[in-house]
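Notes for the structure review
Listed below, chain by chain, are the residues.
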Amino acid sequence: MSSPTSSQPNNPLHGVTLQVMLETLVKELGWPRLADEIRIRCFANDPSVKSSLTFLRRTPWARAKVESLYLCREVSKAKAREARKAADKAAKVPGTATANSAANTKSAAKAKSSAKAAAKPSKAPVRIDNPKKPPVTAAKVTPKPKKPSQNTLSLKKKTEDSSAEATAPVNPSVWGKASKD
């Protein structure tokens, strides 16, 4: 990723061409996983960089998905690099006593292992369906309770009315008048 210039200091994609983005994603993920992550037919059926670039240049929504995936991966790489630098810095801190140096090496080993864990990309595919909405995580989403419809309310009223009628005889001429016992 190139460093931003003074004309666009907050644009992380400044100077990065669509071809570089696509080639980087194909190199890191491969065509099959890229097709799984971004559902575009040109990634799944007979993929090539040239045909994909043609499609992406003509289709703004597809280009936005590719840019979003590229940025997500670049940000995760940058975080991993920072974690590794912090782990290396912690490992270089000299201890004054043997107990301190042993403690430092243990903490440095923990920091390095956490940096390695952060450096590994997650195996779960990240689907980018809509760049305006954040991706859905694996957390369970509880559905909102539905409001009863008019038909449900009228059905409840009918059952309440029928339960009241159930105490009275159906046909008074056949069954006689209801006695109140």
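Residues numbered from 1 in each chain as written. Predicted model: local features only at pLDDT ≥ 70, side-chain atom pairs only at ≥ 80, totals over all residues. Heavy atoms only, no water.

Examining the overall build of the protein
Helix and strand content of the protein: eight helices and zero strands. In sequence order, the protein lays out its α and β elements as α-α-α-α-α-α-α-α. Here the protein holds 181 residues, and the buried ones make up 18% of them. When contacts within the protein are restricted to residue pairs at least 6 apart in sequence, those whose partners lie at least 24 apart make up 55%. (Helix = DSSP H or I, 4+ residues; strand = E, 2+ residues; numbered from the N terminus. Buried < 20%, exposed > 50% of the residue type's maximum accessible area, 1.4 Å probe, protein only. Contact = heavy atoms within 4.5 Å.)

Regarding the packing of aromatic side chains
Tallied over the full model, the rule gives two aromatic pairs. Consider the rings of Trp31 and Phe43, whose centres lie 5.8 Å apart with planes at 45°: the pair is tilted. Highlighted residues: Trp31 in helix α2 (residues 31–37) and Phe43 in helix α3 (residues 41–44), separated in sequence by twelve residues. Across this residue pair, the class does not change: Trp31 and Phe43 are buried. Their ring planes at 85° and their centres at 6.2 Å tell us that Phe55 and Trp61 sit as a pair that is edge-to-face. Given a relative accessible area of 29%, Phe55 falls into the partly exposed group. (Phe/Tyr/Trp six-rings, centres within 6.5 Å; stacked < 30°, edge-to-face > 60°.)

A closer look at the packing of helix α4 (residues 49–58) against helix α5 (residues 60–91)
Remark: α4 packs on α5, axes separated minimally by 5 Å, with the N-to-C direction vectors making an angle of 115°. When the axes of α4 and α5 are compared, the pair comes out roughly perpendicular. Across from Phe55, Leu56, Arg57 and Arg58 in α4, the residues of α5 making contact are Pro60, Trp61, Ala62, Arg63 and Val66. Looking at the contact of α4 with α5 residue by residue, the class counts come to six nonpolar, no polar and three charged. (Axes fitted to C-alpha atoms, helices over the stretch in contact; angles between N-to-C directions. Parallel < 35°, antiparallel > 145°, perpendicular 65-115°, else oblique. Nonpolar A, V, L, I, M, F, W, Y, C, P; charged D, E, K, R; others polar.)

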